Amino acid sequence: MDIPSVSHDESGTGRTFALPVPAGALGTAARIVLGTVLIVVPVFLFSTLITFLLGAASGLNPAAGIAGDAATPETIARINAEFGLDKPVWQQYVDWMSSMLSGDLGVSWFSKIPVSELIGERLAVSASIAGVALVIGLVLGVGLGVLAAVHKGSPLDRAITAYTSVASTLPPFVISIGLILVFSVGLHWLPSAGYVPPDENFGRWLSLIIMPAIALSMDVVADIARQLRTGLVAELDQNYVTGAVVRGIGPSRILFVHALRNGSGPALSILGMKIPTLIGGAVVMETMFSMPGFGRLAADSALRGDVPIVQGTLVVAIVFVLFCNIVVNIAQSVLQPATKRRD
């Protein structure tokens, strides 16, 4: 049985300050998910095709590295056949895609270890850095954005605006150097290199992760705070907010239930754009703090010419970015039901 939705429009703009669940909410969510998938699948196929073609176009071959200087034509032919490099490029791509879609990313040319196993061992490091940085970026970015919007024009608002302007211009590696100088060299509070899994020693893991995560998160904090402030200031000036005040709705409910949901669109959009930056930045942080992570695996493999590992790391990064963008799109639809009803 359908439940009719009831909403209140004080301004005639279509913005609502009541948030009922409409009868067609499930249908709307399904359409959003379907539309996102229809975009993501072609992007995934195109990205993986480019990834494979880059490896094929590199001209790298494992035979010389495995067989050494004493390699014979027969040995080289045997090694090429072992890795399927004797087949036409199109057939290599079909075989590679079939294996990848089943979860098999191939094996390293030189160590013969499955690529998925190598990535699994290193991915936790990069995920720790990017994950903690994302949490810091969301918590501080939302907090600062809300404070700046609520206290618009105040010294606090100006201080937050100044911070976001400065933080967005500083590269993460510059912030990393400053953090190392202060907290490692100067105060001796935090270690400046290494990695320990959280299940082995959580306190040590946190002390090693916190500095690279903070350095990586500062740009995210600045952009989310700036975009959220802009969205909230615009929403708090709308007539429907005045109508909600007149009707006796509390300031906290107006801010967090109504204005924040309608004004979070720009911040969510910028968050989706920042996710690839977090992944790329985690690679830099691994180098700065000497961590054996996902990025260093890809870089070392590229220098060695181990194409399957490089292709595997790129595929994992592509999947992660696309997955996070799907989550962001769904979050936008959930947090902005009024906007979706206006469309």
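None of the values given here were measured: they were computed from a predicted structure. (Residues numbered from 1 in each chain as written. Predicted model: local features only at pLDDT ≥ 70, side-chain atom pairs only at ≥ 80, totals over all residues. Heavy atoms only, no water.)

## Considerations on the overall build of the protein
Here is the rule we go by: Working definition: helices are DSSP H or I runs of at least four residues, strands are E runs of at least two. Numbering for both runs from the N terminus. Contact criterion: two residues are considered in contact whenever any of their non-hydrogen atoms come within 4.5 Å of each other. For every accessible area listed, the method is Shrake-Rupley and the probe measures 1.4 Å; residues are considered covered only by the protein chains on display.
Helix and strand content of the protein: 14 helices and 0 strands. Ordered by position from N to C terminus, the α and β elements of the protein give α-α-α-α-α-α-α-α-α-α-α-α-α-α. Contacts spanning at least 24 positions in sequence make up 74% of the contacts within the protein whose residues lie at least 6 apart. Accessible area for the protein stands at about 17600 Å²; split by element, carbon and sulfur atoms hold 68% of it.

## Here's the deal with the nonpolar core
How we decide: By nonpolar core we mean a set of buried residues, namely Ala, Val, Leu, Ile, Met, Phe, Trp, Tyr and Cys, connected to one another through side-chain atoms within 4.5 Å. Each residue is placed in one exposure class: buried if its accessible area under a 1.4 Å probe, protein chains only, is under 20% of its type's maximum, exposed if it is over 50%, and partly exposed if it falls in between.
Among the nonpolar cores identified, the biggest contains 43 residues, and Ile129, Ile209, Leu216, Leu232 and Met291 are the most heavily contacted of them. Among the elements of the structure, α5 (115–150), α7 (172–186), α8 (202–236), α9 (239–246), α10 (251–263) and α11 (265–288) are those that each provide at least two residues to this core. In terms of residues, this core owes the most to one element, α8, which gives 14 residues. Judged by nonpolar contacts, the second largest core, of 17 residues, contains Met97, Leu105, Val115 and Ile309.

## What about the side chain of Asp223?
Applied cut-off: Any pair of nitrogen or oxygen atoms within 3.5 Å is treated as a polar contact; in protein, a donor-acceptor pairing is required on top of that, and neighbouring residues in sequence qualify only through side-chain atoms on both sides.
Mapped onto the secondary structure, Asp223 falls in helix α8. On the basis of relative accessibility, which here comes to 9%, the residue Asp223 falls in the buried class. A distance of 2.4 Å separates a polar atom in the side chain of Asp223 from a polar atom in the side chain of Arg226. Residues within four places of Asp223 in sequence aside, it is in contact with Ser168, Ile270 and Lys274.

## Focus: the side chain of Asp157
Here Asp157 shows up in helix α6 (residues 155–167). Here Gly153 takes part through its backbone nitrogen, which lies 2.9 Å from a polar atom of the side chain of Asp157.

## Observations concerning the packing of aromatic side chains
Filter applied, for reference: Ring pairs are drawn from Phe, Tyr and Trp, using the six-membered ring of Trp, whenever the two centres fall within 6.5 Å, and their geometry is named by plane angle: stacked under 30 degrees, edge-to-face over 60, tilted for the rest.
What the rule picks out here adds up to 5 aromatic pairs. An angle of 35° between the planes, with centres 6.3 Å apart, marks the rings of Tyr93 and Trp96 as tilted. Here Tyr93 pairs with Trp96, and both are found in helix α4 (residues 89–101), just 3 residues apart, close to one helical turn. On the basis of relative accessibility, which here comes to 13%, the residue Trp96 falls in the buried class. Between Phe202 and Trp205, the ring centres sit 5.2 Å apart and the planes meet at 35°, which makes this aromatic pair tilted.

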